[in-house]
Amino acid sequence: MCGITGYIGEKEAAPVLLQALKRMEYRGYDSAGISTIYKDNVTIKKDIGRIDSINEKIELGKAEGKIGVAHTRWATHGGVTKENAHPHLSCKQKVVMVHNGIIENYRQLFKELSDNHEIKSETDSEVIAHLIEEEYDKEKNPLKTLQNVSKKLDGSFALVVIFSDKKDEIYGVRKYAPLIVGIGEQENFISSDIVSFIDYTDNVIFLEDKEIVKVTSNSIEIVNFDGDKISRDKTHVAWEAADVSKEEFSHHTIKEIHEQSSTVQNALNQDDEEFEEFVNKLTSGKNIFITGSGSSFHIALIFRKMLTKFVDSPVQAFLSSESEEYIESMNDNAILIPISQSGETADLLEVIRNVKDKGVTVLSIYNTVGSSLSRVSDFSLNLNCGPEIGVAATKSFTSQLAIVYKIIFKLGNVKDGNEKIIELSNKIKDILSKEKTLQEIIELINESNDVYFLGRAIHHPIALEGALKLKELAYIHAEGMAAGEIKHGTLALVEEGTPAIIINPKDESYNDTINNATEMKARGAKIIGISSEDNEVYDYWIEIPKVENMLYPLIELVPLQLLAYYTAIRRKNNPDYPRNLAKSVTVK
Ligand code: G6P
């Protein structure tokens, strides 16, 4: 969570940093701030609220200086207050700093520092600025100072730091939170995410954990926490700046929903050899574990259901935040498949750290180029769906699904698999073109406090995903359920008019699910059927085209995304930045 960035170069830093913050707002958006240094003056501008509204109030982009740091926050320790917003400044104004992550021993550090330092915020971050200042007073050398400090901090941290008496240098520190250097012409950037500086450069250096970087406007020097010099080649990332704009759409989320007809095709573009190697490794394991969080976990569930039919080994899917017993049962015969859009989800990366020493092979599926996940995996497949800015996963979900299909087709020796997905992508377009027909259902959902999503077999994870979208975007309580389970509790909650969304294309589970829908209807529920075939039990029918049974999940989800998005709009919520959430969850 939180986006951090720094700039040094020939331009005025504040406008560059302001734009970077807007690009990274998906990482956290309860407060933000910028600090620049000009002559001997440190300027700090920060406040609570969304970046645009802070900017209107205190003109974030108007601080003087060609060096600066900036931060957009998702609160963990300490409430949403101006004092808790970053950047944080040390007492003697020698150090200005931004932090992403969690410092686990901050209370202890607070006790040690509070006699000599005035610590103003309730955050776990501010102590770092004071600790750096104290250490700098002794060491006088920024790199040595940051090495010492890094060893005293427990937890996860990415830092961007400026020493006010070194106005031509900016420093980055990375341990278990992303940090990337952008290499420009007579200017350089340090940031949590490439999208923040993609307008200026697409040449980057990815820092690894336990590394510190010293950046001037024309040099980059990396050392590890022991001070050993590290040489690292730059990487060219081929992302167009246009990919992060909203184009003609009013929100990133709806743009990304519409992009799906092409992004599911892009997911198929895998290097043949690498793909082959990935699948061979996958089938060589004696035990297969799939993990993810949020939407990516729902893909793990679908993948497990499909994969068990094609491999002899047992396949298990687990939430990355609930990993203990799965980790215990992994040995060097195991294959771990972590799935993640951002490639930075802390719970997921922790699972990998915990199993790497056991010789487990890690085969990942990820989207963000250069993410931590891509670098700690033995083999990986990229979603190729471009940056996803809307906080709720949409196009990344269907791209993950497209890769799952590609793997299953390969295992099932299906020769025309790619063609099948390309055909499906046209059907996605058809569904998207009918979005206006959902109006009446949106009104029903808008007036409800609870909505139930029901599905059996491969439709169950889609029911979970549909409910998650509605919660995230519309702030309506929603529950995704295995349809057969309603009689074990949920029926007690059904009242006159309660919406029940039944994900039920015409396949083997159709009749059983219709029975469950009938049971709901008998208690007063309004039934919304998402199906290739109408049924008298449906009060509303959202028609989806007929396709091969296993392919339904890819198209049945699209109307659910639209329902969540348009209900959010109806309620005047900002679907791109749902309250209290962040896209990249880099804390446990
Ligand atoms: C956050 C996002 C979700 C996402 C989840 C997992 O909660 O808001 O949309 O599904 O993280 O993210 P990942 O990047 O690991 O797929």
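Our subject in this report is the structure included herewith. What you see is a predicted model; the values in this text were computed from it and never measured.

## Considering the environment of Met481
Working step 1: The topology assignment puts Met481 in strand β22 (residues 477–482).
Working step 2: According to the relative accessible area criterion, Met481 is buried, its value standing at 6%.
Working step 3: Setting aside its immediate chain neighbours within four residues, Met481 contacts Tyr452, Phe453, Leu454, Gly455, His460, Ala463, Leu464, Ile486 and Thr490.

## Considerations on the packing of helix α6 (residues 252–266) against helix α12 (residues 395–411)
Working step 1: Where α6 contacts α12, the axes come no closer than 8 Å and their chain directions differ by 20°. Taken together, the axis directions place α6 and α12 in an arrangement best described as roughly parallel. Relative to α12, α6 is oriented so that their crossing is right-handed. The segment α6 lies against α12, with Glu256, Glu259, Gln260, Thr263 and Val264 engaging Lys395, Thr398, Ser399 and Ala402.
Working step 2: Partitioned by chemical class, the residues of the contact of α6 with α12 number 2 nonpolar, 4 polar and 3 charged.

## A look at helix α5 (residues 142–152)
Working step 1: Counted residue by residue, α5 has 8 buried out of 11 residues, so it is predominantly covered.
Working step 2: Looking only at α5, the buried set comprises Pro142, Leu143, Thr145, Leu146, Gln147, Asn148, Val149 and Ser150.
Working step 3: Its buried side turned inward, α5 meets α4 (126–139), β7 (155–163), β8 (170–175), β12 (211–215) and β13 (220–224).
Working step 4: Its side-chain oxygen at 2.9 Å from the backbone nitrogen of Leu143, Asn141 defines the N-terminal cap of α5.

## Quick look at the site of the ligand
Working step 1: Close contacts around the ligand come from 15 residues, with Ser296, Ser340, Gln341, Ser342 and Thr345 the closest.
Working step 2: Backbone polar atom of Ser295 to an oxygen atom of the ligand: 3.0 Å apart, as the coordinates give it.
Working step 3: In the environment of the ligand, an oxygen atom lies 3.3 Å from a nitrogen or oxygen atom belonging to the backbone of Ala582.
Working step 4: Protein contact buries 90% of the 390 Å² of open area that the ligand shows by itself.
Working step 5: For the shell around the ligand, the per-class residue count stands at 5 nonpolar, 8 polar and 2 charged.

## Observations regarding a negative patch on the surface
Working step 1: Side chains of Asp271, Asp272, Glu273, Glu274 and Glu277 sit close together on the surface and give a patch of like negative charge.
Working step 2: Since its relative accessible area comes to 41%, Asp271 is described here as partly exposed.

## A few points about the side chain of Ser399
Working step 1: Among the secondary structure elements, Ser399 is positioned in helix α12.
Working step 2: In this structure Ser399 comes out as buried when scored by relative accessible area, which is 0%.
Working step 3: Apart from residues lying up to four places away in sequence, Ser399 is in contact with Thr263, Val264, Ala267, Leu383 and Cys385.

## Thoughts on the packing of helix α13 (residues 417–433) against helix α17 (residues 552–570)
For any two helices packed against each other, one specifies the inter-axial angle together with the distance between the axes.
Working step 1: The interhelical angle for the contact between α13 and α17, taken along N-to-C directions, is 25°, at an axis separation of 10 Å. Classified by the angle between their axes, α13 and α17 sit roughly parallel to one another. Considering only the axes of α13 and α17, their crossing is right-handed. Along its contact with α13, which presents Leu424, Lys427, Ile428, Ile431 and Leu432, the element α17 presents Leu554, Ile555, Val558, Pro559 and Leu562.
Working step 2: Split by residue class, the contact of α13 with α17 holds 9 nonpolar, no polar and 1 charged.

What counts and how
- What you see as residue numbers is a count from 1 along each chain, following the sequence as written.
- A pLDDT threshold of at least 70 governs which residues receive local features in this predicted model, and a stricter bar of 80 or more applies before side-chain atom pairs are shown or counted, although totals over entire chains, interfaces and linings include all residues.
- Only hydrogens and water are removed before side-chain values are computed, so all heavy atoms of the structure are retained for them.
- Each helix corresponds to a stretch of at least 4 residues labelled H or I by DSSP, and each strand to a stretch of at least 2 residues labelled E; elements are numbered beginning at the N terminus.
- Note on classification: 1.4 Å probe, protein chains only; a residue is buried when its accessible area is under 20% of the maximum for its type, exposed when over 50%, partly exposed between these limits.
- In this description, contact between two residues means that some pair of their heavy atoms is separated by no more than 4.5 Å.
- Under this scheme, a helix contributes an axis fitted over its contacting stretch, all axes are lines through C-alpha atoms, and angles between N-to-C directions fall in the 0 to 180 degree range.
- Small angles under 35 degrees read as roughly parallel and large ones over 145 as roughly antiparallel, with 65 to 115 read as roughly perpendicular and the rest as oblique.
- The handedness criterion is simple: a crossing whose near helix is rotated anticlockwise from the far helix by less than a right angle is left-handed, and one whose near helix is rotated clockwise is right-handed.
- Three classes are used, and their members are as follows: Ala, Val, Leu, Ile, Met, Phe, Trp, Tyr, Cys and Pro are nonpolar, Asp, Glu, Lys and Arg are charged, and the others, Gly among them, are polar.
- Polar contact criterion, stated in full: a pair of N or O atoms within 3.5 Å, where within protein one must be able to donate a hydrogen and the other to accept it, and residues adjacent in sequence count only if both atoms are side-chain atoms.
- Residue proximity to a molecule or strand is established when one non-hydrogen atom of the residue lies within 4 Å of it.
- Values of accessible area rely on a 1.4 Å probe in the Shrake-Rupley scheme; residue burial ignores everything except the protein chains shown.
- Within this analysis, patches are made of residues with over 30% relative accessible area and no salt bridge. Like charges are joined at 9 Å or less; nonpolar side chains (Val, Leu, Ile, Met, Phe, Trp, Tyr) at 5 Å or less.
- Should a side-chain nitrogen of Lys or Arg be within 4 Å of a carboxyl oxygen of Asp or Glu, the pair is scored as a salt bridge.
- A residue counts as positive if it is Lys or Arg and as negative if it is Asp or Glu; His and the chain ends are not included.
- Here the site of a charge means atom NZ of a Lys, CZ of an Arg, CG of an Asp or CD of a Glu.

In short, geometric facts, not functional conclusions.
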